[in-house]
Amino acid sequence: MDKKEVSFLQNKVNPSDPNTIPKFVDPLQKPTTAQRKPNKDCKDGDYYELQMKEARHRFHKHFPLSKVWGYDGLCPGPTIEASKDKTTYVKYNNRLPTKHFLPVDRTLHSVSDSVEVRTVVHLHGANVNWESDGNPESWYSKDYIHTGPKFKRKVHEYTNHQPGTTMWYHDHTMGITRLNVYAGLAGFYLLRDGLEERLKLPSGKYEIPLMIQDRSFNEDGSIFYPDAPPFPVPVHPSITPGFTGNTITVNGKVWPFLSVEPRKYRFRIVNASNRRGYVLSLSNDQPFIQIGTDGGFLTEPCEINSVELLPAERFDFIIDFSNWIGEKITLRNLDTEFPDEHTNVVMQFQVNAPLMGTDTSEIPERLAEPMDLHEHHAHIQRNLPLTVSTDSYGRPMLMLDNKMFHDPVTEKPALDSIEVWNIINGTPFPHPVHIHLVQFKILERRPFNVALYDKDGKLEFTGPTEEPRDYERGWKDTAKVEPGTVTKLIMHWKDHAGYYMWHCHFLEHEDHDMMRPILVMNDTHPVQQPHANQ
């Protein structure tokens, strides 16, 4: 393409109008790998330092550069590679400006009395001590001049005492998570173990993480995020009940393509969007070979024709391109909640690269050993409703158990206990419920009489139980809770006591009080009250 043609296209492309944006013209970028640094205090593990800073990023070859906030200035951030039971230490330095470039609603909890730009990092899916979990009240400002009430340490310590899996790290700051993640503060964390090494899966350049995020842009290429909901409110800027963008980015590129060889590839997808869910399938109707979920490998591979992913859910799978030489295969989004002719496609695979040697990777017959929890082993069952309310400004507000974040803690599991949580969704929306620290199994879903429950709290089921979807049968830390259903989860609280969270992972819901604390109790060694400590 000569310079005149590039100039012509640039003049015709309006980043705010998806109708003008050419698809599948940017090659997919594989995120860079974070580099370890020497640290004499972390000799028993790997030490990293990542800088949260403002940078310029090109989302599309015909867009101007866009302002982003990224770990090391990258969008997405560098991928951290970790090994099971070998500790990873990470210091996330806040080098961001003191003013946010997206609209901050100062009426939300812990925002009005705080500095405007605050950060804290949550390693999503990690079995970790609470001090390194990224508690939303453990936030800190640039150079730690200001810190939140639960701030404890500058260096996060991840012991990696869990099966190998796909995790991701992202901002988790009280009241502005939706803005910081949308601005670019997210990256992959890949935990590997001996089992993975023995399985002979596609690896190296044939293993590619895919971070999917929807975004909208202004005409000048800057990132657009609304400063008010689509109905009148007395607050400005104001949070909106949910935001969906009009383009789809994968690893920071708008509708990219990937040239692949005619062989097997492994992909690890995370839905890092604020609100949008995806129903993914391939345009040639070829099935995905699923090998893992949020918490690691399945017991055996499973052919999946389509998979639904709400925000924060992960999907680990293999595609075999061997029989599709010369073909272009589109990764489609069949979601019907927000149908759109542009967001119904995600990216394209172009099987046009020459095969570089024999494909010696395998799709194993068996993966991980089964480790199930059974309901009769549970020490306690909790009924936890999802409810609708309004805040003091008359804005709609989704809540957990009809409580606000700073109401007293009510979920206090005992260390080494097994619990069953019945998440009762009386709202008209689905919600991706994320529980920190644990991986759980989805036992069932069952419809119930919402009107009767709202009237007198009586739980009357209106239909038979529904088994988890095929792609949900592994370990999970985020689950779709359908409207008008009770979703039953079982989990084992082990290894760590302290302050954790459960919340909706629609980030606008999370920021507007759809988040509650959890206190894991240890009678032998009581949890100490937090205090600043490096």
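In this text the structure is predicted, and so the values were computed from the model without any measurement. (Residues numbered from 1 in each chain as written. Predicted model: local features only at pLDDT ≥ 70, side-chain atom pairs only at ≥ 80, totals over all residues. Heavy atoms only, no water.)

**Section: the sheet that holds strand E5 (residues 121-124)**
Hydrogen bonding along the main chain pairs the strands of a sheet, whether they run parallel or antiparallel. Reading across the sheet, the four strands line up as E3-E8-E7-E5 and stay open at both edges, with mixed pairing between neighbours. For this open sheet the edge positions go to strand E3 (77-83) and E5, each flanked by a neighbour on one side alone. Pairwise comparison of adjacent strand axes, ignoring direction, gives a mean angle of 20° for this sheet. Examined bridge by bridge, strand E7 (residues 165-171) and strand E8 (residues 186-192) share six bridges and lie antiparallel to one another. Within E8, the position partnered with Tyr-169 by the bridge is Gly-187. (Pairing = 2+ DSSP bridges. Helix = DSSP H or I, 4+ residues; strand = E, 2+ residues; numbered from the N terminus. Axes fitted to C-alpha atoms, helices over the stretch in contact; angles between N-to-C directions.)

**Re the sheet that holds strand E4 (residues 87-94)**
The mixed open sheet is built from four strands, whose spatial order is E2-E1-E4-E6. The open sheet has two free edges, formed respectively by strand E2 (66-71) and strand E6 (155-158), since each of these has just one partner strand. With direction set aside, neighbouring strand axes in the sheet form an average angle of 20°. Taken together, the six bridges between strand E1 (residues 45-57) and E2 define a ladder with antiparallel strand orientation. Bridge pairing links Met-52 to Tyr-71 in E2.

**Overview of the nonpolar core**
Formed by 80 residues in total, the largest nonpolar core has its most connected members in Tyr-92, Phe-267, Leu-280 and Phe-349. Leaving out residues up to four positions away in the same chain, Phe-267 has contacts with Ile-208, Leu-210, Leu-258, Phe-315, Asp-316, Phe-317, Ile-319, Phe-321 and Phe-349. Counting residues in each nonpolar core, the second largest holds 29 residues, with Leu-437, Ala-497, Trp-502 and Cys-504 among its members. (Core = buried A, V, L, I, M, F, W, Y, C linked by side-chain atoms within 4.5 Å. Buried < 20%, exposed > 50% of the residue type's maximum accessible area, 1.4 Å probe, protein only. Contact = heavy atoms within 4.5 Å.)

**Here's the deal with the pattern of salt bridges**
In this structure the tally under the stated criterion is 41 salt bridges. Among the salt bridges present, the one from Arg-178 reaches Asp-511, with a minimum N-O distance of 2.9 Å. Of this pair, Arg-178 sits in helix H2 (residues 177-183) while Asp-511 sits in helix H5 (residues 507-511), placing them 333 residues apart in sequence. Taking the relative accessible area as the measure of exposure, Arg-178 reaches 1% and is therefore buried. A relative accessible area of 1% places Asp-511 in the buried class. We note a salt bridge from Asp-470 to Arg-473, for which the minimum N-O separation is 3.4 Å. Take Arg-473: its relative accessible area is 43%, and that puts it in the partly exposed class. (Salt bridge = Lys/Arg side-chain N within 4 Å of Asp/Glu carboxyl O.)

**Thoughts on unusual backbone geometry**
A cis amide bond, omega 0°, links Cys-75 with the succeeding residue Pro-76. Relative to the elements of secondary structure, Pro-76 occurs in the loop between E2 and E3. Between His-236 and the following residue, Pro-237, the backbone shows a cis peptide bond with an omega angle of -5°. Its identity is not glycine, yet Leu-437 carries a phi of approximately 75°, on the positive side. In this fold, Leu-437 is placed in the loop between strand E25 (431-435) and strand E26 (440-447).

**With respect to the confidence of the model for the protein**
Per-residue pLDDT for the protein has a mean of 95; in total, 96% of the residues score no lower than 70. Here residues 530-534 is a poorly scored stretch, pLDDT under 50, and it has 14 contacts once near neighbours within four places are set aside; other chains count. (pLDDT = per-residue confidence, 0-100.)

**Details of the side chain of Glu-472**
Among the secondary structure elements, Glu-472 is positioned in the loop between helix H4 (450-456) and strand E27 (478-481). The class of Glu-472 is buried, set by a relative accessible area of 4%.

**Some points on the packing of aromatic side chains**
Scanning the entire structure with this criterion turns up 28 aromatic pairs. Ring geometry for Phe-448 versus Tyr-453: centroids 5.8 Å apart, planes at 80°, classification edge-to-face. On the basis of relative accessibility, which here comes to 4%, the residue Phe-448 falls in the buried class. Among the residues examined, Tyr-453 registers a relative accessible area of 19% and is labelled buried. An aromatic cluster is present here, built from Tyr-206, Tyr-265, Phe-267, Phe-288, Phe-315, Phe-317, Phe-321 and Phe-349 joined pairwise through their rings. Cation over ring: Arg-275 sits above Phe-506, and NZ or CZ is 3.9 Å from the ring centre. (Phe/Tyr/Trp six-rings, centres within 6.5 Å; stacked < 30°, edge-to-face > 60°. Lys NZ or Arg CZ within 6 Å of the ring centre and 35° of its normal.)

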